[in-house]
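Next come the chains, spelled out residue by residue.
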Amino acid sequence: MQRRLEPELMNGDAQVQAYAAADFSSGDQATLEAIQQLLFTTSPLPADPLMVDLGCGPGNITLRLAELFPNTRIVGIDGAESMLALARERAQQQQLEISFLCQTLQEVLEGPLLGQADLIVSNSLLHHLHQPDLLWTVSRALAAPGCRVLHRDLRRPASDAEIEQLRLKHLPSAPEVLQHDFAASLAAAFEPHEVTAELHRLGLNQLTVSAEDDRYLVVSGLVKS
């Protein structure tokens, strides 16, 4: 099936409230485990590392990174201020030192973090982008030498019927807004071969793309050697 775009930002009150109340712990844990595996299989982080969470939303992954790496500079970036307000509130409640920036990916390319990141992550960001090459351009621009990246996202099914099967399997009783967004996100997602071709086109051949379970793909590796 052809990719169908969805809105790049999630700013609606109903969306923010639904995502705040939803339990994404299993998916978040899978992302954290993939990040830890990547760090385990690469060279040690520098003494004062910078970790950047792109499209951080309400801070699910950002907060977990701050808990796992308490002596690390953590920056969460998102274009939706309403999501960041929730992320900041959560960080304050947990007494975690995290910087949150309201920026689009285009604005990140003009910001102060270029060439400084030792780890760049995103969780369910790629499928939102109308210009998906921006994620790879930003990753390369932010990266310090030896920077690791881990981008985890949905992957596009072969048909609308398969989307409906996945919706019924994974979100049978979720709020309507989450069910709608899940189906729209699957339709907007990429297939692994499409991501691989884009990475090769941009010369990011050190990154690998792999399928995960029945609906995810993971891009990981070194963006700069």
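Residues numbered from 1 in each chain as written. Predicted model: local features only at pLDDT ≥ 70, side-chain atom pairs only at ≥ 80, totals over all residues. Heavy atoms only, no water.

### Examining the side chain of Arg155
- Structurally, Arg155 can be placed in the loop between strand 5 (143-154) and helix 7 (160-170).
- Of the polar contacts made by the side chain of Arg155, one reaches the backbone oxygen of Tyr216; its length is 2.6 Å.
- Setting aside chain neighbours within four positions, we find Arg155 in contact with Leu186, Ala189, Phe190, Pro192, Ala211, Glu212, Asp213, Asp214, Arg215, Tyr216 and Leu217. (Helix = DSSP H or I, 4+ residues; strand = E, 2+ residues; numbered from the N terminus. Polar contact = N/O pair within 3.5 Å; in protein donor to acceptor, adjacent residues only side chain to side chain. Contact = heavy atoms within 4.5 Å.)

### Here we look at the packing of helix 7 against helix 8 (residues 176-188)
- With their axes 10 Å apart at the nearest point, helix 7 and helix 8 run at an angle of 140 degrees to one another. Judged on the interaxial angle alone, helix 8 and helix 7 are oblique. The chirality of how helix 7 crosses helix 8 is right-handed. Touching Ile163, Leu166, Arg167 and His170 of helix 7 are Gln179, Phe182, Ala183, Leu186 and Ala187, all from helix 8.
- Across the contact of helix 7 with helix 8, the residue classes tally to 6 nonpolar, 2 polar and 1 charged. (Axes fitted to C-alpha atoms, helices over the stretch in contact; angles between N-to-C directions. Parallel < 35°, antiparallel > 145°, perpendicular 65-115°, else oblique. Left-handed = near helix turned anticlockwise from the far one by under 90°. Nonpolar A, V, L, I, M, F, W, Y, C, P; charged D, E, K, R; others polar.)

### Side note on the nonpolar core
- Judged by nonpolar contacts, the single largest core of 30 residues is most densely connected at Leu54, Ile120, Trp136, Leu142 and Val195.
- Those elements that place two or more of their residues in this core are strand 1 (50-54), strand 2 (73-78), helix 5 (105-108), strand 4 (117-123), helix 6 (133-142), strand 5, helix 9 (192-201) and strand 7 (216-222).
- The leading source of residues in this core is helix 6, at 5 residues.
- Among all residues touching Trp136, those that are not within four sequence positions of it are Leu126, His151, Val195, Glu198, Leu199, Leu202, Leu204 and Val219. (Core = buried A, V, L, I, M, F, W, Y, C linked by side-chain atoms within 4.5 Å. Buried < 20%, exposed > 50% of the residue type's maximum accessible area, 1.4 Å probe, protein only.)

### Section: unusual backbone geometry
- Even without being a glycine, Ser124 presents a positive backbone phi close to 60 degrees.
- By secondary structure assignment, the location of Ser124 is in the loop between strand 4 and helix 6.
- The exposure class of Ser124 is partly exposed, given its relative accessible area of 24%.
- A positive phi is found at Asp213, a non-glycine position, where the angle reads about 40 degrees.
- Within the secondary structure layout, Asp213 lies in the loop between strand 6 (207-212) and strand 7.

### Some remarks on the pairing of strand 1
- Within strand 1, 5 of the 5 residues are buried, leaving the element largely enclosed by the surrounding structure.
- The side-chain alternation of strand 1 yields two buried faces, one formed by Leu50, Val52 and Leu54 and the other by Met51 and Asp53.
- As judged from the 5 bridges shared by strand 1 and strand 2, these two strands associate in the parallel manner. Bridge assignment links Leu54 to a residue of strand 2, and that residue is Ile77.
- Handedness of the crossover joining strand 1 and strand 2 through helix 3 (residues 60-68): right-handed.
- In this sheet, strand 4 lies alongside strand 1 in parallel orientation, the contact comprising 4 bridges. Paired with Met51 across the strands is Leu119, a residue of strand 4. (Pairing = 2+ DSSP bridges. Right-handed = clockwise from strand over helix to strand, strands pointing away.)

### What to know about helix 7
- Those residues of helix 7 that sit buried are Ile163, Leu166 and Arg167. Around the axis of helix 7, the buried residues are gathered within 100 degrees of arc, so they sit on the same side. Along helix 7, exposed side chains directed more than 90 degrees from the buried face belong to Gln165 and Lys169.
- On the buried face of helix 7, the contacting elements are helix 8. (Arc of directions from axis to C-beta.)

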